[in-house]
Amino acid sequence: MNLFSHSWLPFIYLYGFGGILFIAGIIITMKAGSFDLKRPKHKKWMWILIFGFVWYIAMHALMTWAALGTISPYVVLYTLLAMVAIFIVVTLRFGKGAKA
Amino acid sequence: MQTFHSIGTTTDWIVMVVYFMAIMLFGSYFGRYTKNTSDFFFGGRRFSWWLITMSIVATGVGSHSFVKYSAKGFEHGIASSMTYLNDWFFIAFFMFGWLPIIVYSKVRSIPEYFEKRFSPSSRFIATILLLLYMIGYIGIGFLTLGKAVIPMLPSAFVILGMTVPVTLMGAIIVIAIITGIYITFGGQTAVIFTDLLQGFILLFAGLLLFFFGITYLGGFDIFWNLLPVEWKLPLADFNQPSNFNFVGIFWQDAIAGSIGFLFMNQGLIMRFMACKNVNEGRKAAGINILFVLPISAIVVGNAGWVGKAISIASPEVVSPSVSPDQIFVVVANIIASPGMFGFIMAALTAALMSTVDTLINATAAIYINDVHRPVRQFLKKSYGTVSESDRKELTAARYASIAVTTLGVLAVLAFKNFPTVYEAHGFFHSTLTPPLVVGIFLGVFWKRFTASAVITTFVGGVALMILGARYPGILIAPFDHGIEMNEAHPYSYIRALYNTLVCTGVGVAVAYTTKFQLSLVSNIRSKPNNKMIMNGLLVVAILLFATVLFGISGITIQLVAAVGVMILVPLTVTYFVHYDEEVNTVGLTAGSINIARKQFKGSEPNDQEGENAFVHWKLIEGEERVMRFSENDMALMKANVGDLVYLCDKRNWMGGLKSVHSVFAEPHSEDGIVYMTADLAESGLFVEGRELKAEKEM
């Protein structure tokens, strides 16, 4: 059974178009000066923005692999939990950096 | 299709009634913190991010309800979650564009932004479009509530010997009366705190239901292996079937829906305005989209997935022909014990009520801000003192809430004939959001976007959208990505792409031809009969729009009329409306947010990052809304006289309920003490003897 139009085609479309919009958002707000990486808090937000995009790509890719039987659904759960842990640790480190 | 009545036991009904009474008492308790229209609508701009995040859960999950996602989960599997997992693409635009603008420009509603950014006439049209959107949204909420409750009710009641049939509209009217009660007397603070409680409860209830479902089936592995591969995939098939396909839902939900929800849903905007500052709003949005929405996707869709698995394993227990909109109630009744089923149903209906309440409150805010006040100003009617004016507006807001509730019930009629709530909602989003979404988006991120461009986007864009709706096979088909056209509900989702493109195209074309319009209008102005010429063009534009609106003649004539509208509207707007790009964009576009910050504060922002100070408060005589801290405390906060300060109860779990914004005045020498007027202490709801936390803003 050909499941490409039900699995990777929508995935590519979602993160292709979505990725263009996401990057455009960052570039436009940076060019406008409202998103300013010279400010420590905004550096932290940049990390969160990038993490969020990767987080959703990972989530959809892992769920697709699990559905197609390539990986176990438990791998999806454990990988996502590991990503949450990384997010918390790195974001808290940014917080300390911002205060220092 | 199999439908149900009288599901549930007496115990379930008792649990539901107790739950609702508890929620209403909870809301009424926090309603006492509503002292003026600012509190009624915005909760006083004081709350912490976590409180707003949980409050948004109840609003978001309620609106993207258990009913519709369980229905799609049952019909199409885990792909029902995709609308919850596609909101990240616009987050930078929101966090660093729209959110700071609405906070720093101190607008109280989206139409007010249109007046400041463009012109009063833009505000007028935006108000009409936004009220239509909000009332339609309330209608969808009521429809979902009705569909959720109907399976639990008998098919008829016998009252005094008379048989009264239970109808969808009858159930909705009763629900609307209950819903209207605490919003009318509580306001935004009541809604935020009620939603906080309900946010936790409904996440818990949804996950509990998933646990029961998995246990009922015999474990996660059995559940997973029962589902066909197509049901496990997280995204729908690219372009089929017509009632649930990826590409249509991408444009309807990820694009139009996400921008609509983040940028023009007044209910959500008011949640962010209730945050104590912009950064807290960013945190609330970020955590909500990153972590809470994926959990919510499981919470709202799992009943459908479990229902599908049961229908494969035991079709005699859950028939594959169950009405999709009833699957949530059917599955919950099978897998939860009596009492627990009542609790889950109470959480579901209460969550839906939260959404509707938020929307009613938000629509009343639009009425007060964009209809009541402008009309009062136009009539030059004065209410006397500020407090007298505020009291009368609060009364008007409460009457407006009742009127909006009634209109919301009537709006159900427009959606009740769709096969499922999901399709009704999809059609609604695709149709009503694009003009405003494009207007807001280009207004915020493109300085060259003018008043004539936005008004033509509204009028000309709507004209082309009407034509698209009337001739979908000709105008929308070129954008359909291979989706088959359903004659009964043509292109429910992908029409969002057509509608967004035509609105954007019109807006961009008009903005790029601004110089040409100015030169033409300048020529006309030089003629002695210029006013008559422009009035004549205005009448022609109205007639052309009427040609499109009422479908006079064939498609060619209507298309020509629409083009005529797009040519004449910018000219008449340029002539009649005063618009100065330099004045109208300051502090209102992403490129001028730093100016907006300065305007908000009243002086240059102080971005030095200090520490929080913990203080006790004492009263001083006077009327100035300023605070006096010690020199050392101000040094700790790196604050200067004239900087903004946020003072709140030290107990973080209060989430900012007891707090106030003020300005640093000249310091004194008593460390750990802040002096403030009785008025400020009362606004902050501070308790004598309680320690407070002070932080410098901006």
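### Let's talk about the overall build of chain B
Within chain B, the regular secondary structure consists of 29 helices and eight strands. Computed over C-alpha atoms, the radius of gyration of chain B comes to 27 Å, within 12% of the 26 Å expected from 2.2 N^0.38 for 698 residues, which places it in the range of a compact globule. Projected onto its principal axes, the C-alpha positions of chain B cover 75 × 75 × 55 Å. Per-residue burial over chain B gives 63% buried out of 698 residues. Across chain B, every contact between residues at least 6 apart in sequence was considered, and the portion connecting residues at least 24 apart equals 83%. As displayed, chain B offers around 25,500 Å² of accessible surface, 64% of which is attributable to carbon and sulfur atoms.

### Concerning the confidence of the model for chain B
Here chain B averages 87 in pLDDT, while 93% of its residues score no lower than 70. Taken together, the chains of this predicted complex give a pTM of 0.87 and an interface ipTM of 0.95.

### Section: the pattern of salt bridges
Residues and elements named next belong to chain B. According to the stated counting rule, one finds 15 salt bridges over all chains in the structure shown. Of the charged contacts, one joins lysine 447 and glutamate 582 as a salt bridge, the two residues approaching to 3.8 Å between their closest N and O atoms. With lysine 447 in the loop between helix H19 (434–445) and helix H20 (451–470) and glutamate 582 in helix H26 (residues 581–585), this pair connects stretches of sequence that are 135 residues apart. When the shortest N-O distance is used, the salt bridge between glutamate 604 and lysine 598 registers 3.4 Å. The partly exposed category is assigned to lysine 598, whose relative accessible area is 39%. Taken together, the shared-partner salt bridges in this structure form one network comprising Lys72, Glu75 and Glu423.

### Thoughts on the nonpolar core
With 233 residues, the main nonpolar core has Leu49 and Tyr56 of chain A together with Trp88, Trp98, Phe142, Phe246 and Phe263 of chain B as its most contacted residues. Of the residues forming this core, the biggest block, 17 residues, is contributed by helix H16 (residues 340–378) of chain B. One finds Met634, Leu647, Val660 and Ala681 of chain B within the second-largest nonpolar core, a separate group that totals 19 residues.

### Side note on the sheet that holds strand S4 (residues 626–627) of chain B
Residue and element names in this part refer to chain B. Taken together, six strands build an open sheet; the order of strands is S4-S6-S5-S8-S3-S7 and the sheet is mixed. The sheet is open, and its two edges are formed by S4 and strand S7 (673–676), each paired on a single side. In the sheet, strand S3 (residues 613–619) pairs with strand S8 (residues 692–697) via three bridges, with the strands oriented antiparallel. Each bridged residue has a counterpart across the sheet, and for alanine 613 the counterpart in S8 is alanine 694.

### Observations regarding a nonpolar patch on the surface
Residues and elements named next belong to chain B. Nonpolar side chains collect at one region of the surface, where Phe157, Ile159, Leu160, Met162 and Val164 lie side by side and expose about 540 Å² of accessible area between them. Structurally, methionine 162 is set in strand S2 (residues 162–165). Residue classification places methionine 162 among the exposed residues on the basis of a relative accessible area of 56%.

### A look at the side chain of arginine 597 of chain B
If you trace the backbone, arginine 597 of chain B turns up in helix H27 (residues 593–601). With residues near it in sequence (within four places) discarded, arginine 597 of chain B still touches Arg39 of chain A together with Tyr104, Pro605, Asp607 and Met698 of chain B.

### Some thoughts on the side chain of lysine 147 of chain B
Residues and elements named next belong to chain B. Tracing the backbone shows lysine 147 in helix H7 (residues 120–149). Judged by relative accessible area, lysine 147 falls into the buried class, the value being 17%. If we ignore the near neighbours within four places in the chain, the residues touching lysine 147 are Leu168, Asp325, Phe418, Pro419 and Val421.

### Section: the packing of aromatic side chains
By the definition in use, this model includes 62 aromatic pairs over all chains. Between tryptophan 47 of chain A and phenylalanine 51 of chain A, the aromatic rings sit 5.5 Å apart at their centres with planes inclined by 45 degrees, giving tilted as the arrangement. Of this pair, tryptophan 47 of chain A and phenylalanine 51 of chain A are both found in helix H2 (residues 40–67), four residues apart, which corresponds to roughly one turn of the helix. By the burial criterion, tryptophan 47 of chain A is buried, and phenylalanine 51 of chain A matches it. Over the aromatic face of phenylalanine 600 of chain B sits the side chain of lysine 106 of chain B, whose NZ or CZ is 5.1 Å from the ring centroid. The residue whose ring lies beneath lysine 308 of chain B is tryptophan 231 of chain B, and the NZ or CZ to ring-centre distance is 3.9 Å.

The rules behind each value
Numbering of residues begins from 1 in every chain and follows the order in which that chain's sequence is written. Each chain takes a letter, starting from A, and each ligand takes a number, starting from 1, following the order in which they are written. Since the coordinates come from a predicted model, pLDDT governs what is reported: local features require at least 70, and pairs of side-chain atoms require 80 or more to be given and counted, while whole-chain, interface and lining totals use all residues. With hydrogens and water stripped out, all remaining heavy atoms of the structure feed into the side-chain values. Under the DSSP-based scheme used, a helix requires at least four consecutive residues in state H or I and a strand at least two consecutive residues in state E, with every element numbered from the N terminus. Note on method: radius of gyration uses C-alpha positions; expected globular size equals 2.2 Å times residues raised to 0.38. Each residue is placed in one exposure class: buried if its accessible area under a 1.4 Å probe, protein chains only, is under 20% of its type's maximum, exposed if it is over 50%, and partly exposed if it falls in between. Contacts were defined at the residue level, with two residues in contact if any of their heavy atoms lie within 4.5 Å. The Shrake-Rupley method, run with a 1.4 Å probe sphere, supplies the accessible areas, and residue values consider only the shown protein chains as cover. Each residue carries a pLDDT score, the predictor's own confidence in it, on a scale running from 0 to 100. Should a side-chain nitrogen of Lys or Arg be within 4 Å of a carboxyl oxygen of Asp or Glu, the pair is scored as a salt bridge. Here, nonpolar core means buried Ala, Val, Leu, Ile, Met, Phe, Trp, Tyr and Cys residues that are tied together by side-chain atoms lying within 4.5 Å of each other. Should DSSP find at least two bridges between two strands, the strands are regarded as paired. Note on patches: the residues involved have over 30% relative accessible area and no salt bridge, like charges join within 9 Å, and the nonpolar side chains Val, Leu, Ile, Met, Phe, Trp and Tyr join within 5 Å. Two rings belonging to Phe, Tyr or Trp (six-membered ring only in the last case) form a pair when the distance between their centres is within 6.5 Å. Interplanar angles under 30 degrees mark stacking, angles over 60 mark edge-to-face geometry, and anything in between is tilted. Over a ring means this: the NZ of a Lys or the CZ of an Arg is within 6 Å of the ring centre and within 35 degrees of the ring normal.

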